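# Geometric and topological summary
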Amino acid sequence: MKGAAFLEWLTSLQTGTSWTPARAALRRSLAFPLGAYPPAMPYVEPFVREEGWAREAHYLVAGLFALMDGAHQSGRSLAQALWAAGRERDSKSVEKRFLALLDADRDQIAFRLRQAVGLVEGGLDFARLLEDLLDWFHPNRRVQARWAREFYGAKEEGVKEKEVAE
């Protein structure tokens, strides 16, 4: 699984003394086209062997990992985290951003993911996020369908929990 190996790589950066400059470079790289910010390259290129979207997805996940200061939480997908954020804020805007994210194409995905991650409190499963992004442009949109099930399924579970509590 590529995601787990890449997460291990990012975590090794995080535990070393170079995390502060790495975090700064990776966070700053999100303001540039994916993979085009030279100061971030020493932290991603030793791991990445692919070209095209696969390479860009690694840079995107590394930047988001740095943006969240390495807050990894195994098993917590972005869809689940966004559902929780919407519930905490009691806001429809989170759902609107989530739907826009599901519809994101290659030109929009980095911006929309950055916005979505900014809404999240707590950690994310970055290994899974990378795996999902590597498969994002599959013709049957299976990642987007799974994320929708996780988002709206979590909402149904939350409603049931609330009903039981009342």
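In this report, we go over the structure that sits alongside the text. All figures in this text were calculated on a predicted structure; none of them were measured in a lab.

## Comments concerning helix H4 (residues 53–67)
- Taking 1.5 Å of rise per residue, 15 residues should cover 21 Å, and H4 covers 20 Å from first to last C-alpha, within 8% of that figure.
- Among the 15 residues of H4, 13 are classified as buried, and the element is accordingly described as predominantly covered.
- Directly after H4, the chain includes Asp-69, whose backbone phi takes a positive value near 55°.

## Focus: the packing of aromatic side chains
- A full pass over the atoms with the stated rule returns nine aromatic pairs.
- Their ring planes at 15° and their centres at 4.2 Å tell us that Phe-98 and Phe-151 sit as a pair that is stacked. Remark: Phe-151 occurs in helix H9 (residues 142–165) and Phe-98 occurs in helix H6 (residues 93–102); sequence separation between them is 53 residues. Accessibility assignment for this pair places Phe-98 and Phe-151 in one class, buried.

## Observations concerning the nonpolar core
- Residues Leu-60, Leu-78, Leu-82, Leu-113, Phe-126, Leu-133 and Trp-147 are the most contacted members of the largest nonpolar core, which totals 52 residues.
- The biggest single contributor to this core is H4, with nine residues.
- With residues up to four places along the chain from it excluded, the contact list for Leu-78 reads Leu-101, Leu-113, Ala-116, Val-117, Val-120, Leu-124 and Trp-147.

## Things to note about the pattern of salt bridges
- Inspection of the entire model under this criterion finds nine salt bridges.
- With its nearest N and O atoms 3.6 Å apart, the salt bridge here joins Glu-95 to Lys-92.
- Its relative accessible area of 58% is what places Lys-92 among the exposed residues.
- Two residues, Glu-150 and Arg-146, come together in a salt bridge whose shortest N-O distance is 3.3 Å. Here the residue Glu-150 and the residue Arg-146 both occupy positions in helix H9, the gap between them amounting to four residues, near one helical turn.
- Here Arg-146 falls in the partly exposed class, since its relative accessible area comes to 23%.
- Taken together, the shared-partner salt bridges in this structure form one network comprising Arg-128, Asp-132, Arg-146 and Glu-150.

## Examining the side chain of His-58
- Tracing the backbone through its elements, the reader meets His-58 in helix H4.
- Of the polar contacts made by the side chain of His-58, one reaches the backbone oxygen of Ala-54; its length is 2.7 Å.
- Once residues within four sequence positions are removed from consideration, His-58 is found in contact with Lys-2, Phe-6, Val-44, Phe-47, Val-48, Glu-50, Leu-130 and Leu-134.

## Looking at the packing of H6 against helix H7 (residues 109–119)
- Following both chains from N to C, one finds H6 and H7 inclined at 150°, their axes separated by 10 Å at the closest point. Classed by the angle they form, the pair H6 and H7 counts as roughly antiparallel. For the pair H6 and H7, the sense of crossing is left-handed. Touching Val-94, Arg-97, Ala-100 and Leu-101 of H6 are Arg-112, Leu-113, Gln-115, Ala-116 and Leu-119, all from H7.
- Taken together, the residues of the contact of H6 with H7 sort by class into six nonpolar, one polar and two charged.

About the thresholds
- Residues numbered from 1 in each chain as written.
- Predicted model: local features only at pLDDT ≥ 70, side-chain atom pairs only at ≥ 80, totals over all residues.
- Heavy atoms only, no water.
- Helix = DSSP H or I, 4+ residues; strand = E, 2+ residues; numbered from the N terminus.
- Expected span 1.5 Å × (residues − 1).
- Buried < 20%, exposed > 50% of the residue type's maximum accessible area, 1.4 Å probe, protein only.
- Phe/Tyr/Trp six-rings, centres within 6.5 Å; stacked < 30°, edge-to-face > 60°.
- Core = buried A, V, L, I, M, F, W, Y, C linked by side-chain atoms within 4.5 Å.
- Contact = heavy atoms within 4.5 Å.
- Salt bridge = Lys/Arg side-chain N within 4 Å of Asp/Glu carboxyl O.
- Polar contact = N/O pair within 3.5 Å; in protein donor to acceptor, adjacent residues only side chain to side chain.
- Axes fitted to C-alpha atoms, helices over the stretch in contact; angles between N-to-C directions.
- Parallel < 35°, antiparallel > 145°, perpendicular 65-115°, else oblique.
- Left-handed = near helix turned anticlockwise from the far one by under 90°.
- Nonpolar A, V, L, I, M, F, W, Y, C, P; charged D, E, K, R; others polar.

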